[in-house]
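# Survey of secondary and tertiary structure
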Amino acid sequence: MSNSIYAERRARVASQLGKDGIALIPTAPERPRNRDSDFLYRHDSYFYYLTGFREPNAWLVITGDGKSTLFCAPKDLEREIWDGYRLGPEAAPAALGVDAAHSVAELDAQLPKLLENRDAVWYPFAIHEGLEARVGGWLNQVRARVRYGALCPEQQRDLCAILDEMRLVKDAHEQDIMRRAGQISARGHVRAMKLSARMLREGKDVREYHLDAELMHEFRLGGSQSSAYNSIVAAGSNACVLHYRSDTAPVRNGELVLIDAGCELDSYASDITRTFPANGKFSGPQRALYELVLASQEAAVAATRAGARFIDPHEATVKVLAQGMLDVGLLDKNKVGSVQDVIDNRSYFQFYMHRTGHWLGMDVHDCGSYVEPSQVGEVSERKDPLSGEIIKNRPSRVLKPGMVLTIEPGIYVRPAEGVPERFHHIGIRIEDDAIVTESGCDLISRGVPVKPDEIEALMRG
Ligand code: GLY
Ligand code: MN
Ligand code: MN
């Protein structure tokens, strides 16, 4: 893969540091799981975005003059026999396009020298444990030299401010990976749906982990390195637990299954939710709520386009859900009033308690401000009808082509007084991934059906 993408990104960062600025970007540490086993290693997203380098134990330094220096693990034949190949600092400049590279063992010796005579040091705030203290230690060493005429940076600045804006708009290379990630994940969902119906037809004891296994099979088969987040495979009433973790519960005939799962491909996440009848046939009440959630998602999709605000799909969703909750009898209009009252008083919150989407990218809940940068000063206040809290609002982000977000409305019905029994324990979410375009959005996760008839047809096969 060409390094020019990463070099171009580093140049864009350098141009924003000021000519005497310097930026420090460590990758993620390895994390112990138990005794001497580590969790599967995942590099830091910012670091990877600027290097394309996946080894642990590495730092990138960018200076305002456009130069970049990598610190990485030195070649060590004995360690490489145990842990695998290391690029090493000698090969790094040619392989990664950086201007210089050193062993990471030299970091503490080199950093004070690199920080000397700079006016600002940039690094990602509140991401890497202990980084602030480490930078402080290096700055202290620079200060010890000021009496010899050295200058010590007077400003520490959050590099996330620069990188989050860059990462928010995905370039063609990123969009291509995200499309492929969406296709692989969709195949995992298809496979899980089919297995559920087939095992139930064969009278087998189906468990949530059986469906999880199908997802993982397709993810790895498609070349994905891992799940982008812990898969949720929630049978029956477990679907009403928003962050349920796939477990051992039985998948029963007559119940719904909610699967929220997506693969990570080459550092980019996908994030898909489908809800389907375990045996392949929706009941009347299940279908009624499913069609309502789907209609609310369609309204959100129609509201997603360049020039619209990030909040618009959420507001479109809420409008449809509020009306639908009154129509199907989840909410009683004699108690909650009109559809506008349901929206204004947030009565829908009993059954729909999350937002309709989030940015998606290298991280499943990706970075990027949800406030329009040009309007941060335009603050308004409103009183939340449920908590009574005063909330400060700023204008929502204006969508641009290349931004990627999820669209994921849902309905979750816990038994409560006045809630019709036919809907009890039903949890439904439908989640797709959308790339914003000039005229609308491209749904990149639709390799798995979403219409109830199409889901039933798939599961019959
Ligand atoms: N899977 C996490 C989410 O949908 O936001
Ligand atoms: Mn999501
Ligand atoms: Mn999700």
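The structure this text deals with has already been given above.
Residues numbered from 1 in each chain as written. Chains lettered and ligands numbered in written order. Predicted model: local features only at pLDDT ≥ 70, side-chain atom pairs only at ≥ 80, totals over all residues. Heavy atoms only, no water.

## Quick word on the site of ligand 1
Close to ligand 1 lie Tyr229, Asp260, Asp271, His358, His365, Glu408 and Glu431. In the model, an oxygen atom of ligand 1 is placed 3.2 Å from a nitrogen or oxygen of the Asp271 side chain. Interatomic distance of 3.1 Å between a side-chain N/O atom of Glu408 and an oxygen atom of ligand 1. Notes on ligand 1: free accessible area 190 Å², of which the protein chains cover 85%. The class makeup of the residues in the shell around ligand 1 is one nonpolar, two polar and four charged. (Near = heavy atom within 4 Å. Polar contact = N/O pair within 3.5 Å; in protein donor to acceptor, adjacent residues only side chain to side chain. Areas by Shrake-Rupley, 256 points an atom, 1.4 Å probe, with all protein chains shown as cover. Nonpolar A, V, L, I, M, F, W, Y, C, P; charged D, E, K, R; others polar.)

## Some thoughts on empty space enclosed by the protein
Applying the stated criterion across every chain yields a total of one cavity of 30 Å³ or more. Taken as a whole, the largest cavity encloses approximately 60 Å³ of empty space. Every residue lining the largest cavity is listed: Phe310, Pro313, His314, Arg355, Thr356, Gly357, Leu405, Thr406 and Ile407. Contributions of two or more residues to the lining of the largest cavity are made by α11 (311-328) and β17 (404-407). If you tally residues by element for the lining of the largest cavity, the top one is β17, at three residues. Residue composition of the lining of the largest cavity, by class: four nonpolar, four polar and one charged. (1 Å grid on protein atoms, 1.4 Å probe; cavity = no way out; pocket = protein on both sides within 12 Å on 5 of 7 lines; lining within 4 Å. Points joined across faces, edges and corners; volume = space filled by probe spheres on them. Helix = DSSP H or I, 4+ residues; strand = E, 2+ residues; numbered from the N terminus.)

## Describing the sheet that holds strand β5 (residues 68-72)
Hydrogen bonds between backbone groups are what pair the strands of a sheet, and the pairing can be parallel or antiparallel. Taken together, the six strands give an open sheet; going across it, the order is β6-β5-β4-β1-β7-β8, and neighbouring strands pair in mixed fashion. With partners counted over all chains shown, the strands left at the sheet margins are β6 (100-103) and β8 (155-158), one partner each. Strand-to-strand twist in this sheet, taken as the mean axis angle between neighbours without regard to direction, amounts to 20 degrees. One ladder, built from four bridges, connects strand β4 (residues 59-63) with β5; its direction is antiparallel. Each bridged residue has a counterpart across the sheet, and for Ile62 the counterpart in β5 is Ser68. Those strands touched by helix α6 (residues 131-143) are β1 (21-26), β4, β7 (120-123) and β8, and its axis lies near 155 degrees from that of β7. (Pairing = 2+ DSSP bridges. Axes fitted to C-alpha atoms, helices over the stretch in contact; angles between N-to-C directions. Contact = heavy atoms within 4.5 Å.)

## Concerning the sheet that holds strand β9 (residues 226-227)
Reading across from one edge, β9-β12-β13 is the order of the three strands in this open sheet, with antiparallel pairing throughout. The strands lining the two open edges of the sheet, one partner per strand, are β9 and β13 (268-269). In this structure, β9 lies alongside strand β12 (residues 263-265), joined through two bridges in antiparallel fashion. Its bridge partner lying in β12, Ser227 is registered against Cys263.

## Brief notes about helix α7 (residues 160-168)
The element α7 is extensively covered by neighbouring structure, given that seven of its nine residues are classed as buried. Of all the positions in α7, only Cys160, Ile162, Leu163, Asp164, Met166, Arg167 and Leu168 are classed as buried. If you follow the buried residues of α7, they end up packed against α1 (4-14), α2 (45-51), β7, β8 and β17. (Buried < 20%, exposed > 50% of the residue type's maximum accessible area, 1.4 Å probe, protein only.)

## So, the coordination of the manganese ion (ligand 3)
Each donor-metal-donor angle in an ideal tetrahedron of four donors is 109.5 degrees, and each such angle in an ideal octahedron of six donors is either 90 or 180 degrees. Around the manganese ion (ligand 3), the protein contributes the donor atoms Asp260 (OD), Asp260 (OD), Asp271 (OD) and Glu431 (OE), at 2.0 to 2.4 Å from the metal centre. Here the manganese ion (ligand 3) binds six donor atoms, and the angle range of 57 to 169 degrees at the metal identifies the geometry as irregular. Counting residues between consecutive donors of the manganese ion (ligand 3) along the chain gives the motif D-x10-D-x159-E. (Donors = N, O, S within 2.8 Å, 3.2 Å for Na, K, Ca; no water. Tetrahedral: all angles 85-135°; square planar, octahedral: opposite > 155°, others 65-115°.)

## Details of the coordination of the manganese ion (ligand 2)
Protein-derived coordination of the manganese ion (ligand 2) comes from Asp271 (OD), His358 (NE2), Glu408 (OE) and Glu431 (OE), at a distance range of 2.0 to 2.2 Å. Taken in sequence order, the residues that donate to the manganese ion (ligand 2) follow the motif D-x86-H-x49-E-x22-E. Taken as a pair, the manganese ion (ligand 2) and the manganese ion (ligand 3) lie 3.3 Å from each other and share Asp271 as a ligand. Of the two residues, His358 sits in the loop between α13 (339-344) and β15 (380-383) while Glu431 sits in the loop between β19 (427-429) and β20 (432-436), which places them 73 residues apart along the sequence.

## As for the layout of surface pockets
One number sums up the size of the largest pocket: a volume of about 1,400 Å³. Lining the largest pocket are 47 residues, with Ala28, Leu40, Tyr41, Arg42 and His43 sitting closest to its centre. Where the lining of the largest pocket is concerned, the elements lending two or more residues are α2, α6, α9 (208-221) and β9. Class assignment for the residues of the lining of the largest pocket results in 20 nonpolar, 14 polar and 13 charged. Approximately 750 Å³ is the volume found for the second largest pocket. As for the second largest pocket, its lining consists of 27 residues, of which Ile311, His314, Glu315, Arg355 and Arg382 are closest to the centre. Residue assignment for the lining of the second largest pocket shows that the elements contributing at least two residues are α11, α13, β15 and β16 (390-393).

## What about a nonpolar patch on the surface?
A surface patch of nonpolar side chains, about 450 Å² in accessible area, is lined by Leu77, Ile81 and Trp82. Taking relative accessible area as the criterion, Ile81 reaches 64% and is therefore assigned exposed. (Patch = residues over 30% accessible without salt bridge, like charges linked within 9 Å, V, L, I, M, F, W, Y side chains within 5 Å. Salt bridge = Lys/Arg side-chain N within 4 Å of Asp/Glu carboxyl O.)

## Topic: the packing of α1 against α7
Packing of α1 against α7 brings their axes to within 10 Å, and their N-to-C directions diverge by 135 degrees. One way to sum up the angle between α1 and α7 is to call them oblique. When the axes of α1 and α7 are compared, the crossing they make is right-handed. For the pair α1 and α7, contact is made by Arg9, Arg12 and Val13 and by Ile162, Leu163 and Met166, respectively. Its residues placed into classes, the contact of α1 with α7 shows four nonpolar, no polar and two charged. (Parallel < 35°, antiparallel > 145°, perpendicular 65-115°, else oblique. Left-handed = near helix turned anticlockwise from the far one by under 90°.)

## Structural notes on the nonpolar core
Formed by 98 residues in total, the largest nonpolar core has its most connected members in Leu211 and Ile411. Leave out the neighbours within four places in its chain, and Leu211 touches Ala192, Leu195, Ser196, Val206, Val233, Val251, Val257, Ile259 and Phe276. With 18 residues, the next largest nonpolar core counts Val61, Leu107, Leu111 and Val142 among its residues. (Core = buried A, V, L, I, M, F, W, Y, C linked by side-chain atoms within 4.5 Å.)

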